[in-house]
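Here are the chains, one letter per residue:
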Amino acid sequence: DGGITQSPKYLFRKEGQNVTLSCEQNLNHDAMYWYRQDPGQGLRLIYYSQIVNDFQKGDIAEGYSVSREKKESFPLTVTSAQKNPTAFYLCASSITSGGTDTQYFGPGTRLTVL
Amino acid sequence: RKEVEQDPGPFNVPEGATVAFNCTYSNSASQSFFWYRQDCRKEPKLLMSVYSSGNEDGRFTAQLNRASQYISLLIRDSKLSDSATYLCVVNKGNYQLIWGAGTKLIIKP
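A brief look at the structure comes next. (Residues numbered from 1 in each chain as written. Chains lettered and ligands numbered in written order. Predicted model: local features only at pLDDT ≥ 70, side-chain atom pairs only at ≥ 80, totals over all residues. Heavy atoms only, no water.)

### Here we look at the sheet that holds strand 6 (residues 55-57) of chain B
Residues and elements named next belong to chain B. Taken in spatial order, the five strands line up as 1-3-8-7-6 in an open sheet, and their pairing is antiparallel. The sheet terminates laterally at strand 1 (4-6) and strand 6, the two strands that pair on one side only. Taken pair by pair, the neighbouring strands of this sheet meet at an average axis angle of 20 degrees, ignoring direction. Note that strand 7 (residues 60-65) and strand 8 (residues 70-75) share six bridges and pair antiparallel. Along strand 8, the bridge assignment pairs Q63 with S72. (Pairing = 2+ DSSP bridges. Helix = DSSP H or I, 4+ residues; strand = E, 2+ residues; numbered from the N terminus. Axes fitted to C-alpha atoms, helices over the stretch in contact; angles between N-to-C directions.)

### Quick look at a positive patch on the surface
A cluster of basic residues, K9 of chain A together with R41, K42 and K45 of chain B, forms a positive patch at the surface. Relative to the helices and strands, K45 of chain B is located in strand 5 (residues 44-50). On the basis of relative accessibility, which here comes to 53%, the residue K45 of chain B falls in the exposed class. (Patch = residues over 30% accessible without salt bridge, like charges linked within 9 Å, V, L, I, M, F, W, Y side chains within 5 Å. Areas by Shrake-Rupley, 256 points an atom, 1.4 Å probe, with all protein chains shown as cover. Salt bridge = Lys/Arg side-chain N within 4 Å of Asp/Glu carboxyl O. Lys, Arg positive; Asp, Glu negative; His and termini not counted. Charge placed at Lys NZ, Arg CZ, Asp CG, Glu CD. Buried < 20%, exposed > 50% of the residue type's maximum accessible area, 1.4 Å probe, protein only.)

### What about empty space enclosed by the protein?
Counted by the stated rule, this structure contains one cavity of 30 Å³ or more. In terms of lining, the largest cavity is formed by E3, V4, Y25, S26, N27, S30, V90, K92 and I98 of chain B. (1 Å grid on protein atoms, 1.4 Å probe; cavity = no way out; pocket = protein on both sides within 12 Å on 5 of 7 lines; lining within 4 Å. Points joined across faces, edges and corners; volume = space filled by probe spheres on them.)

By themselves, these observations are geometric and do not establish any function.
Written out as structure tokens, the structure reads:
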């Protein structure tokens, strides 16, 4: 089955720790995205990647880092510099990054900082 | 003013009724518009794209009003399974999508 997988589904982190969220897609999509969703707010873009070995900051990139070494994979690291990391993190992909293509989402990772 | 605004609801609607909600956007250069559906604690899924001429998919109809800068979603003969949060999404004319906070819909038997 084609799709996007994210792991883990739930993640608990102590303050001061870095954590990495996994995102893998087998849809052969060029573009991949990371969003953050907080209660009562729309999705906010953290980082996006249009192609392998290239990525750009979104609106709220501070305290996060990404890599895109393979087309299928776009991991997100939440660093200790992120002041309020507790949120629902969603990874998405689309055929291209033109903004007109449907974005397909993974099931998300709920991160809680203890 | 937010770039994309939606009434958060909830809209409590009896099963079988028709319900409609709007979404306003601020950027007149916006090119593409979408409605996504998000179930509780799940990922968003595309419901439908919104075209200039309007479009219909079964019980769902989406309309775009460029002059007044809003899009609408109409659901006819609502089902219990339509209960969800409906997210309005607007493309600014580049790669970036701007997401509304969503309108919560509750269909009651």
